[in-house]
Amino acid sequence: MTDNTQGGAANAEQTPAEILPFTSSTPFTMGIELELQLVNRRNYNLASDAVDLLTWIEPRDLQKQIKLEMTQGMIELNSDVHTRVDHLIEELKCLRAALNRGAQYLNIDVSGGGAHPFQHWNEQRITPSERFHHLHEKYGYLAKTFTVFGQHIHVGVPNGDDALYLTHAFSRFVPHFIALSAASPFYQGADTQFESSRSNVVRAFPLSGTAPTLTRWSDFESYYDELLRVGIIGSMKDFYWDIRPKPEYGTVEIRVCDTPLTIEHAAHLGCYAQLLARWILTERPFVITNDFYLLYQYNRFEASRYGLAGSMAIHSNNPADSSKLPIYEHLLGHLQDLQRYTQNDAEQLTLNRLRHMAEGRLSDAGWLRQTFAQRGSLNDMMRLSSELWMGQEPPPYYQ
């Protein structure tokens, strides 16, 4: 989903309603963004060919959905807006085919995964762009360390108040999304012992973390306006929150996922967010209070470190009801709850596949570690990872 947000100073005479209007969109539609690795065929290190690759994309119309990113070893796919996960998969196949064709001209391959296993941040080249060079100047070396690869999921909502509620409610399921997408166990040539090492890189940025516990859009506009006037932010892009409202799209954006190794898994994660949103906005199961994020950091760490085998602390207003569960058990319970919100066989397939992953504690991170153990080479592991992206034989939990 293309982001055209522009920075700029607020006019002192603007009213809050004019500062950050929320564009209504069709509830529960979804779209995804995938940040992908470009690797050379000599040793499967990151290439620096993103700018050249963009010129080879055919048909030319697809260039609107294939975007440059911070450094030149990255490229981003942006889906259209969808109501069905099977339609999303078909579109992603077309985008993948166009990307793969372009890559062949440059003798490079494309791969998913949340972090390249042995690239070095100081070797990366900033993509020519006024915005990217500004970010490099502002954040220094952090801009190059941000050569990690994530999936962002957008879910449509009708108004700003619902967007804030969904932003906060989704935070309770961040461990699910991190664990299900975990695909970055190796970083800078080492096994990090994390399922998702990418999660730690993102946390280094200012204005990362979680949104303030505001529940009315008018209050959020006042908060936004204050930061704008002080010069802390220039636009919504400057919030690096794990989950954030996107008023120009009329969506809520989940930003914690590693890029999966296949487009099918990426689409199923999008569908899971869609089903959760139906349940959340229909049943309103949470009360948003100032201590809503009390256990958030612990749960996020557990998911990043241990994946589905990690634990989740469940906060309750009644201390006697507080508890701790394995993440996979918490996930399985919610997959069961979402059965009644499925609307077609494709959504049922999503639940079945995620259930299979939860029951077996299966993940892309596990596949990458197993492949490295078998091959003894991070280079060869990346070669096989790129074959997965290109649509060759997927891991068994994608079947």
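Residues numbered from 1 in each chain as written. Predicted model: local features only at pLDDT ≥ 70, side-chain atom pairs only at ≥ 80, totals over all residues. Heavy atoms only, no water.

**Q** Would you explain the overall build of the protein in this entry?
**A** Each helix and strand in the protein was counted, giving 15 helices and 13 strands. Computed over C-alpha atoms, the radius of gyration of the protein comes to 20 Å, within 12% of the 21 Å expected from 2.2 N^0.38 for 399 residues, which places it in the range of a compact globule. Here the protein holds 399 residues, and the buried ones make up 58% of them. Residue pairs at least 24 apart in sequence account for 77% of intrachain contacts in the protein once pairs closer than 6 positions are excluded. On the protein, roughly 15,900 Å² of surface is accessible, and the fraction owed to carbon and sulfur atoms is 49%. Taken together, the 34 basic and 46 acidic charged side chains of the protein have centroids lying 4 Å from each other. (Helix = DSSP H or I, 4+ residues; strand = E, 2+ residues; numbered from the N terminus. Rg over C-alpha atoms; globule rule 2.2 N^0.38 Å. Buried < 20%, exposed > 50% of the residue type's maximum accessible area, 1.4 Å probe, protein only. Contact = heavy atoms within 4.5 Å. Areas by Shrake-Rupley, 256 points an atom, 1.4 Å probe, with all protein chains shown as cover. Lys, Arg positive; Asp, Glu negative; His and termini not counted. Charge placed at Lys NZ, Arg CZ, Asp CG, Glu CD.)

**Q** Please explain empty space enclosed by the protein as it appears in this structure.
**A** It is a probe the size of a water molecule, rolled over the atoms, that shows where empty space is left. For the structure shown, the criterion picks out 2 cavities of 30 Å³ or more. Quantified by volume, the largest cavity comes out at close to 60 Å³. For the lining of the largest cavity, the element with the most residues is helix H15 (residues 378-389), which contributes 3 residues. Counted as a void, the second largest cavity has a volume near 40 Å³. Lining the second largest cavity are Thr167, Ser171, Gly209, Thr210, Ala211, Asp242, Ile243, Tyr293 and Tyr296. Residue composition of the lining of the second largest cavity, grouped by class: 4 nonpolar, 4 polar and 1 charged. (1 Å grid on protein atoms, 1.4 Å probe; cavity = no way out; pocket = protein on both sides within 12 Å on 5 of 7 lines; lining within 4 Å. Points joined across faces, edges and corners; volume = space filled by probe spheres on them. Nonpolar A, V, L, I, M, F, W, Y, C, P; charged D, E, K, R; others polar.)

**Q** I keep staring at helix H4 (residues 130-139) and nothing clicks. Help me out?
**A** Given 3.6 residues to a turn, an α-helix orients residues that are three or four positions apart in the same direction. Taken together, the buried positions of H4 are occupied by Phe132, Leu135 and Tyr139. Looking straight down H4, one finds its buried side chains confined to an arc of 60°; they lie on one side. Exposed side of H4, more than 90 degrees from the buried face: Glu130 and Glu137 are the residues found there. Those residues of H4 that are buried are in contact with strand S2 (66-68), helix H5 (141-145) and strand S9 (240-241). The N-cap residue of H4 is Ser129: its side-chain oxygen and the backbone nitrogen of Arg131 are 3.3 Å apart. (Arc of directions from axis to C-beta. Polar contact = N/O pair within 3.5 Å; in protein donor to acceptor, adjacent residues only side chain to side chain.)

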